[in-house]
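The chain contents come next:
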Protein chains: 2
Amino acid sequence: MPRAAHFTEAERRLALLKAAFREVSEKGFSEVTLDDIAKRAGVSKGITLYYFDSKEELYRELFVWLTDSIHARMREAVAAEKDPVAKVRALVALIFPSPSKNRAFFRAFIDFCGLSARRDGFREVNERFYAGCRDIDSGIVEEGMRQGVFLVRDRLEAGSTMRAIFDGLMMQWLSEKDPDSTFAGYRERCEREILQYLTGRGSVGGDAGRAGRREEAK
Amino acid sequence: MPRAAHFTEAERRLALLKAAFREVSEKGFSEVTLDDIAKRAGVSKGITLYYFDSKEELYRELFVWLTDSIHARMREAVAAEKDPVAKVRALVALIFPSPSKNRAFFRAFIDFCGLSARRDGFREVNERFYAGCRDIDSGIVEEGMRQGVFLVRDRLEAGSTMRAIFDGLMMQWLSEKDPDSTFAGYRERCEREILQYLTGRGSVGGDAGRAGRREEAK
DNA sequence: TGAACCTGACTGACCGGTCGGTTAGTATTT
DNA sequence: AAATACTAACCGACCGGTCAGTCAGGTTCA
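This structure is a prediction, so every number in the text was calculated from the model and none was measured. (Residues numbered from 1 in each chain as written. Chains lettered and ligands numbered in written order. Predicted model: local features only at pLDDT ≥ 70, side-chain atom pairs only at ≥ 80, totals over all residues.)

Q: Residues and numbers for the overall build of chain A, please.
A: Across its full length, chain A carries 9 helices and 0 strands. The helix and strand sequence of chain A, counted from the amino end, reads α-α-α-α-α-α-α-α-α. Out of the 218 residues belonging to chain A, those deemed buried represent 43%. In chain A, once contacts between residues fewer than 6 apart in sequence are set aside, the share between residues at least 24 apart is 56%. (Helix = DSSP H or I, 4+ residues; strand = E, 2+ residues; numbered from the N terminus. Buried ≥ 20, exposed ≤ 12 C-beta atoms within 10 Å, placed from the backbone. Contact = placed C-beta atoms within 7 Å.)

Q: Can you tell me about the relation of the copies chain A and chain B, naming the residues and giving the values?
A: Its rotation angle being 180°, the transformation that places chain A on chain B also includes 0.0 Å of axial translation and leaves an RMSD of 0.0 Å. The transformation just described matches what one would write down for a two-fold rotation axis. Taking C-alpha positions as reference, the residue of chain A nearest the rotation axis is Gly168(A), located at 2.3 Å. The overlap is high: 100% of the interface residues of chain A also sit at the interface in chain B, so the same surface is used on both sides. (Least-squares fit on C-alpha atoms with pLDDT ≥ 70 in both.)

Q: Any chance you could break down the interface of chain A and chain B for me, citing the residues and the numbers?
A: On the chain B side, the residues contacting the 35 residues of chain A number 35 residues. Among the elements of the structure, α6 (99-116), α7 (120-146), α8 (155-174) and α9 (179-199) of chain A are those that each provide at least two residues to the side of chain A that touches chain B. Its residues assigned to classes, the side of chain A that touches chain B shows 12 nonpolar, 11 polar and 12 charged. (Nonpolar A, V, L, I, M, F, W, Y, C, P; charged D, E, K, R; others polar.)

Q: Go over the nonpolar core, please, and point to the residues and values.
A: If you look at the biggest cluster of nonpolar residues, it comprises 111 residues, and the most contacted ones within it are Ile165(A) and Ile165(B). Beyond its immediate chain neighbours, meaning those up to four positions away, Ile165(A) contacts Cys190(A), Glu193(A), Ile194(A), Thr161(B), Ala164(B), Ile165(B) and Gly168(B). (Core = buried A, V, L, I, M, F, W, Y, C linked by C-beta atoms within 7 Å.)

Q: Help me get a handle on the environment of Phe29(A), residues and values and all.
A: Residue and element names in this part refer to chain A. Note that Phe29 resides in the loop between α1 (9-27) and α2 (34-41). The spatial distance from the C-alpha of Phe29 to the C-alpha of Phe112 is 7.9 Å, given a sequence separation of 83 residues. When residues no more than four places from it in sequence are discounted, the contact partners of Phe29 are Val24, Tyr59, Asp111 and Leu115.

Q: Tell me about the packing of α8(A) against helix α8 (residues 155-174) of chain B, residues and numbers included.
A: At a closest axis distance of 6 Å, the pairing of α8(A) and α8(B) adopts a crossing angle of 105°. Considering the angle they form, α8(A) stands roughly perpendicular to α8(B). Across from Ser160(A), Thr161(A), Arg163(A), Ala164(A), Ile165(A), Phe166(A), Asp167(A), Gly168(A), Leu169(A), Met171(A) and Gln172(A) in α8(A), the residues of α8(B) making contact are Ser160(B), Thr161(B), Arg163(B), Ala164(B), Ile165(B), Phe166(B), Asp167(B), Gly168(B), Leu169(B), Met171(B) and Gln172(B). (Axes fitted to C-alpha atoms, helices over the stretch in contact; angles between N-to-C directions. Parallel < 35°, antiparallel > 145°, perpendicular 65-115°, else oblique.)

Q: Can you break down α8(B) residue by residue, with the values?
A: In this model α8(B) runs 29 Å from its N-terminal to its C-terminal C-alpha over 20 residues, within 8% of the 28 Å that 1.5 Å per residue would give. Of all 20 residues that make up α8(B), 18 are buried, and the element is covered over most of its length. (Expected span 1.5 Å × (residues − 1).)

Q: Quick one: what's the story with the packing of helix α1 (residues 9-27) of chain B against helix α4 (residues 55-79) of chain B, residue by residue and with numbers?
A: Residues and elements named next belong to chain B. Close contact between α1 and α4 brings their axes to 10 Å; oriented N to C, the two are set at 90°. Considering their axes alone, α1 and α4 lie roughly perpendicular with respect to each other. Residues Leu17, Ala20 and Phe21 of α1 lie in contact with α4, whose contacting residues are Leu58, Glu61, Leu62, Trp65 and Leu66.

Q: Describe in detail the confidence of the model for chain A, supporting the description with residues and values.
A: The predicted coordinates ought not to be read in detail in places where the model reports low pLDDT. In the predicted model, chain A carries a mean pLDDT of 89, and the fraction of residues at 70 or more is 89%. Residue range residues 202-218 of chain A is modelled with pLDDT below 50. Its contacts to residues more than four positions away, or to other chains, number 16 contacts. (pLDDT = per-residue confidence, 0-100.)

Right, here's the structure in full:
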């Protein structure tokens, strides 16, 4: 292998994390070898453990990195909208970006959930992930409650249920034979059902979930 | 090892599946070895591949077995109740049996979801799992709609959302630091939120989710 | 300026251990 | 005795982790 060009430590680590993410989302946590990750990042295997203490530690940092970046993007998307209903729509749009990105993220996420359910180091990161979501979700709900648009009792519980609908629908979507063709339907339904749940019976502003927004995000 | 007593093929296979289930739920799919399963079932390793073509095939059959038995138990629980609201409660009670059983089942289930998202043989079983759930869930919803108790538009979509709330809350629960102590809360909230979602605003029969039912099923 | 020296990122061969799967042989049943 | 059920030793592939060595790019010193 031709010697890889020099990078800063941060760049190298990030490149390895990105490579690991793609490998994990394709093959699954335990099917990925250190060699796979190194190859994908264009370096030799040895360097992977030069930057990370162990494979497990690399995965943990990958999970942290994913968690942080998804949090940041959710906050950003939500902050860009004024109206609570629009905030929910922005969140759905972010979480359902496109079939391929969706699949990539959720495959990795499910793997991490499996790890979290058994190993405490991972569980902690997962706990932090859900804590961040709770923060974001309940913030939206609270605003909607204050404005009288969302007719729920408890902002934390409603936020948690909203998140459960996201995750639960995603799991159903992943079991579809042809996920790509059912993707738009799931996304639309997710938005509709969450808004229905939050706003109570009937349509939102007369056209809940009807209005377009059906293009595939790049 | 003292030679294991003779059993019929069906008995042996079932014993191996049960052993595999316990191992998988503890350690996770890819951390379990054929030796682990054999030891747990009290037989030698060789016998595992005498009854199953490969490890992968054993896992696939395990998934089928789990799927079938959970379907059967859900149908039974639902059939035992008349009232749609009671049916929902029965379903929640079945799905949230106890912290330990819950953890065992859901850990294995998450692992299988991870597999399903990548390997088609597993995906098909998962698809069947969700198809069965859809059948059961939408049946309940339909009855509730007919009786005018559930104010949803579409029985399939509402059933799917209900299932999403189950799965999504379960994933959140698994990330808790002390799942055992938060279990009852999740279960109660699951029941409450689903009924709220299905029946629309306000309480169900005046005491939605309030009424006891807080013992820990054995 | 340039030669000698140093540093640390990087490579790839290697090792110990593990695990899925095979098989030769033994016990049990019919 | 023939078939079946089962064991235990074994094989070969694979993988996480280690490590001796390489090389590019400074830094020091003449």
